[in-house]
Amino acid sequence: MIKQMSLIALGAATLFMAPTVVHAAVLDGGSQEGTSNATVNISDVQDGQNVLLSVPTIEFGKITNNLAGPIETEATKITDPLKVDIKKTTPDWQVMLKATNFSSGGKATRVMTGTTLYMTGEVNTEYKKAPQKPSHSAVNLNVGTSDKQPVLTATDASIGVYTLDSAVMDGGPANISLNNIPGWMPDGLYTSTFTWTLENAV
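We now turn to the structure provided with this report. Note that this is a predicted model, so its numbers are computed, not measured.

What counts and how
Starting afresh in each chain, residues are numbered from 1 along the sequence in its written order. Two thresholds apply to this predicted model, a pLDDT of at least 70 for residue-level local features and 80 or more for giving and counting side-chain atom pairs, whereas whole-chain, interface and lining totals are computed over all residues. Side-chain numbers here rest on the full set of heavy atoms in the structure, without hydrogens or water. Site definitions follow a grid-based scheme: protein atoms alone, a 1 Å grid, a 1.4 Å probe that fits but cannot get out for cavities, and for pockets an open set with protein on both sides within 12 Å along at least five of seven lines, plus lining residues having an atom within 4 Å of a point. Grid points are joined across faces, edges and corners, and a volume is the space filled by probe spheres set on the points. In this text, helices come from DSSP runs of H or I with a minimum length of four residues, and strands from runs of E with a minimum of two, each type numbered from the N-terminal end. Only one rule defines a salt bridge in this text: a Lys or Arg side-chain nitrogen within 4 Å of an Asp or Glu carboxyl oxygen. Strand pairing follows a simple DSSP-based rule, namely that at least 2 bridges must link the two strands. Every angle, taken between N-to-C directions, lies between 0 and 180 degrees, and every axis is a line fitted to C-alpha atoms, over only the stretch in contact when it is a helix. Between the rings of Phe, Tyr and Trp (Trp by its six-membered ring), a pair exists once the centres lie within 6.5 Å; its type follows the angle of the planes, with under 30 degrees stacked, over 60 edge-to-face, and the other angles tilted. Burial classes follow relative accessibility: with a 1.4 Å probe on protein chains only, a residue under 20% of its type's maximum area counts as buried, one over 50% as exposed, and anything between as partly exposed. Whether two residues touch is decided by their heavy atoms; if any such pair falls within 4.5 Å, the residues are in contact.

**Some details on the layout of surface pockets**
There is about 740 Å³ of room inside the largest pocket. Lining the largest pocket are 27 residues, and of these F60, G61, G188, L189 and Y190 lie nearest its centre. Taken together, the elements giving at least two residues each to the lining of the largest pocket come down to β6 (57-60), β7 (71-79), β17 (176-181) and β18 (190-191). Ranked by residue count, the leading element in the lining of the largest pocket is β6, at four residues.

Quick look at the structure:
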């Protein structure tokens, strides 16, 4: 399930504790040793669903085309952080990001190809009930391809509300940039659709 500037949710289970089940023992005739299995079924104590609460809208700085070679620009404004609300104890989950090519509107649509997106930030906790919080590694995304990159990853139960904050939001230095922009691109406003997906980690 995906989100394009709207909430998404993952399936959730209700709580119940199943009794411990002991399987029949396996004995080797005449042996003084045998084996058996015991299982316990644990379900989530939390009610509700895992959801994306918000995703960023990003504006990059204005640039001038340059026939001498590729150009780049940094984010100048970010509206809303990436925010997740994790209510289920499913250990492994991640938020993935992919992006379409930047393109201009109007009758003569122009498409910007070959660009890459760099993104990093700091994971902050608004609320946490588990010992671990999700991790984040810098994203280097090939825009306009099938490339998907993890933005947040949890490999252990991470119940809580977490945000990936950018320094740009606090007036700090840019840590999101758009690179390898073809220098010959005509002037105009170019837009890309970023798709954020909260999913179980493979």
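**As for the pattern of salt bridges**
Throughout the structure, instances matching the rule amount to three salt bridges. Note that K83 is salt-bridged to E126, the shortest N-O span being 3.1 Å. Of this pair, K83 sits in strand β8 (residues 82-86) while E126 sits in strand β13 (residues 122-128), and the two are 43 residues apart along the sequence. The shortest N-O distance in the salt bridge between E199 and K148 comes to 3.9 Å.

**Quick look at the sheet that holds strand β14 (residues 139-142)**
In a beta sheet, neighbouring strands are held together by backbone hydrogen bonds and run either parallel or antiparallel to one another. Read across the open sheet, the five strands follow the order β6-β7-β17-β12-β14; overall the sheet is antiparallel. If you trace the sheet from one side to the other, it starts and ends with β6 and β14, each paired once. Ignoring strand direction, the axes of neighbouring strands in this sheet form an average angle of 25°. Taken together, the four bridges between strand β12 (residues 116-119) and β17 define a ladder with antiparallel strand orientation. Bridge assignment links T116 to a residue of β17, and that residue is N179.

**Some thoughts on the packing of aromatic side chains**
Counted under the stated rule, the structure contains three aromatic pairs. Ring centres of F102 and F194 lie 6.4 Å apart, and the angle between their planes is 85°; on these two criteria the pair is classed as edge-to-face. Taken as a pair, F102 in strand β10 (residues 102-104) and F194 in strand β19 (residues 194-200) lie far apart in primary sequence, 92 residues in all. Taking relative accessible area as the criterion, F102 reaches 8% and is therefore assigned buried. Here the aromatic rings of F194 and W196 are separated by 6.4 Å at their centres, their planes lie at 55°, and the arrangement is tilted. For the pair shown, F194 and W196 are each scored as buried.

**Some points on the environment of G160**
Tracing the chain through its elements places G160 in strand β16 (residues 160-165). By relative accessible area, G160 is classed as buried at 0%. C-alpha separation for the pair G160 and D85, spaced 75 residues apart in sequence, amounts to 5.9 Å. Among residues more than four places away in sequence, those in contact with G160 are V84, D85, I86, Y127 and K128.

**Some remarks on empty space enclosed by the protein**
Scanning the model with the defined rule gives one cavity of 30 Å³ or more in all. By volume, the largest cavity amounts to about 90 Å³. Lining the largest cavity are 14 residues, and of these P56, M119, L164, S166 and I176 lie nearest its centre.

**Quick look at unusual backbone geometry**
The phi dihedral of D80 falls on the positive side, at around 75°, and the residue is not glycine. One non-glycine residue, N180, lies in positive phi territory at about 60°. Mapped onto the fold, N180 is located in strand β17. For N180, a relative accessible area of 42% translates into the label partly exposed.

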